[in-house]
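Analysis of the macromolecular model
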Amino acid sequence: MTFRELNSKMVEATVAPGRRLFSQRGAMLAYRGEVSFTPNMSGGQGGLMSMIGRRVANEATPLMTVEGSGTVLFGHGGHHIQVINLSGDTLYVEADRLLAFEGTLEQGTMFMGSQGGVMGMVRGQVSGQGLFTTTLKGRGAVAVMAHGGVIELPITPQRPVHVDPQAYVAHHGDVRNKLSTALGWRDMVGRGSGEAFQLELSGSGAVYVQASEEKL
């Protein structure tokens, strides 16, 4: 396994010849062995279009390419870290929540309006998150950051999950998202949390929810 959770706020990554990792700039805490860190300007395996998508989305989170032979300790800002293993599906996650991920995963950008229509775009405005979401697809591991711990909630066709948009961290699987209002428009004045809005996720997969609504 590439990532090993040392505690709730630090992970150890194994770096081997021919196997690249990508990490958020400033995430390296310490390392052992012959390991190099190079600024990445192409947005991981997603290439130029992924980088352009992130620029348009105002999500120009700098990445570092990590190569060599050794081990690296990652952490950032004292945030909780959750390791997610993908087995061929796609993970949807905000760019600023990415701590590190394996180079076997293909990075892309999805416009939130394409999942949930106009309400998907409203979600971005209400939660303070971008209208674009980073996607990671394939087989490999991802380390994401959150506030106050993370819980994984399964999503099944019979049991959709409703999440406060500001508590949402990431999701994967064959999942559709739709933002709904729990209150009338008059009641929502001055409110920006889940009391007014709910993000409904339906289909088959899982959603990761953080314990705090604080934005990274």
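See above for the structure.
First things first, this report covers the structure right here in the doc. Only a predicted model underlies this, so the values are computations on that prediction, with no experimental measurement involved. (Residues numbered from 1 in each chain as written. Predicted model: local features only at pLDDT ≥ 70, side-chain atom pairs only at ≥ 80, totals over all residues. Heavy atoms only, no water.)

**Side note on the overall build of the protein chain**
Worth spelling out the cut-off: Labels follow the DSSP assignment, with helices taken as runs of H or I lasting at least four residues and strands as runs of E lasting at least two, numbered in each case from the N terminus. Residue exposure (1.4 Å probe, protein chains only): buried if accessible area is under 20% of the type maximum, exposed if over 50%, otherwise partly exposed. Contact criterion: two residues are considered in contact whenever any of their non-hydrogen atoms come within 4.5 Å of each other. Using the Shrake-Rupley algorithm and a 1.4 Å probe, accessible areas are obtained, with residue cover drawn only from the displayed protein chains.
Looking only at helices and strands, the protein chain features two helices and 13 strands. Buried positions account for 50% of the 216 residues belonging to the protein chain. In the protein chain, once contacts between residues fewer than 6 apart in sequence are set aside, the share between residues at least 24 apart is 80%. Accessible area for the protein chain stands at about 10,000 Å²; split by element, carbon and sulfur atoms hold 52% of it.

**Focus on the pairing of strand 1 (residues 3-7)**
So the rule is basically this: Two strands pair under a simple rule: DSSP has to find at least two bridges between them.
With four bridges joining them, strand 1 and strand 2 (residues 10-15) adopt antiparallel strand pairing. In the sheet register, Glu 5 faces strand 2, and the bridge partner there is Val 11. Hairpin connection of strand 1 to strand 2: two residues between the antiparallel strands.

**Here we look at the nonpolar core**
This is how it is decided: For the purposes of this section, nonpolar cores are sets of buried Ala, Val, Leu, Ile, Met, Phe, Trp, Tyr and Cys residues that join through side-chain atoms within 4.5 Å.
If you look at the biggest cluster of nonpolar residues, it comprises 17 residues, and the most contacted ones within it are Phe 3, Val 11, Leu 21, Val 66, Val 72, Phe 74 and Leu 99. Elements with a contribution of two residues or more to this core: strand 2, strand 5 (63-74), strand 6 (80-93), strand 7 (98-102) and strand 9 (132-146). In contact with Leu 21, not counting residues within four places along its chain, are Thr 2, Phe 3, Ala 13, Thr 14, Val 15, Met 64, Thr 65, Val 66, Phe 74, Phe 101, Glu 102 and Gly 103. Formed by 16 residues, the second largest nonpolar core is a distinct cluster that contains Leu 63, Leu 86, Val 93 and Val 169.

**Things to note about the pairing of strand 7**
Counted residue by residue, strand 7 has five buried out of five residues, so it is predominantly covered. In terms of strand pairing, strand 3 (residues 21-24) meets strand 7 through three bridges, oriented antiparallel. Considered in strand 7, the bridge of Phe 22 is made with Phe 101.

**Some points on the environment of Gln 210**
As for its placement among the helices and strands, Gln 210 is situated in strand 13 (residues 197-210). Under the relative-accessibility criterion, Gln 210 is labelled buried at 4%. For the pair Gln 210 and Ala 167, spaced 43 residues apart in the sequence, the C-alpha separation amounts to 5.2 Å. The residues contacting Gln 210, other than those within four sequence positions of it, are Arg 97, Ala 146, His 147, Gly 149, Val 150, Gln 166, Ala 167 and Val 169.

**Quick word on the side chain of Asp 164**
Put simply, the rule is: A 3.5 Å cut-off defines polar contacts: any pair of N or O atoms within that distance qualifies, except that in protein one atom must be a possible hydrogen donor and the other a possible acceptor, and neighbouring residues in sequence count only when both atoms are side-chain atoms.
Inspection of the secondary structure puts Asp 164 in the loop between strand 11 (161-163) and strand 12 (168-181). For Asp 164, a relative accessible area of 16% gives the class buried. At 2.9 Å, the side chain of Asp 164 forms a polar contact with the backbone nitrogen of Gln 166.

**A closer look at the environment of Pro 62**
Note on placement: Pro 62 falls in the loop between helix 1 (47-56) and strand 5. Of the residues examined, Pro 62 reaches a relative accessible area of 35% and is grouped as partly exposed.

**Regarding the pattern of salt bridges**
Note the threshold: Between Lys or Arg on one side and Asp or Glu on the other, a salt bridge is scored when a side-chain nitrogen of the former is within 4 Å of a carboxyl oxygen of the latter.
Applying the stated criterion across every chain, the model contains three salt bridges. In this structure, the salt-bridge partner of Arg 19 is Glu 102, at a minimum N-O distance of 3.2 Å. Here Glu 102 lies in strand 7 and Arg 19 lies in the loop between strand 2 and strand 3, a separation of 83 residues in the sequence. The exposure class assigned to Arg 19 is partly exposed, which follows from its relative accessible area of 48%. For Glu 102, a relative accessible area of 9% translates into the label buried.

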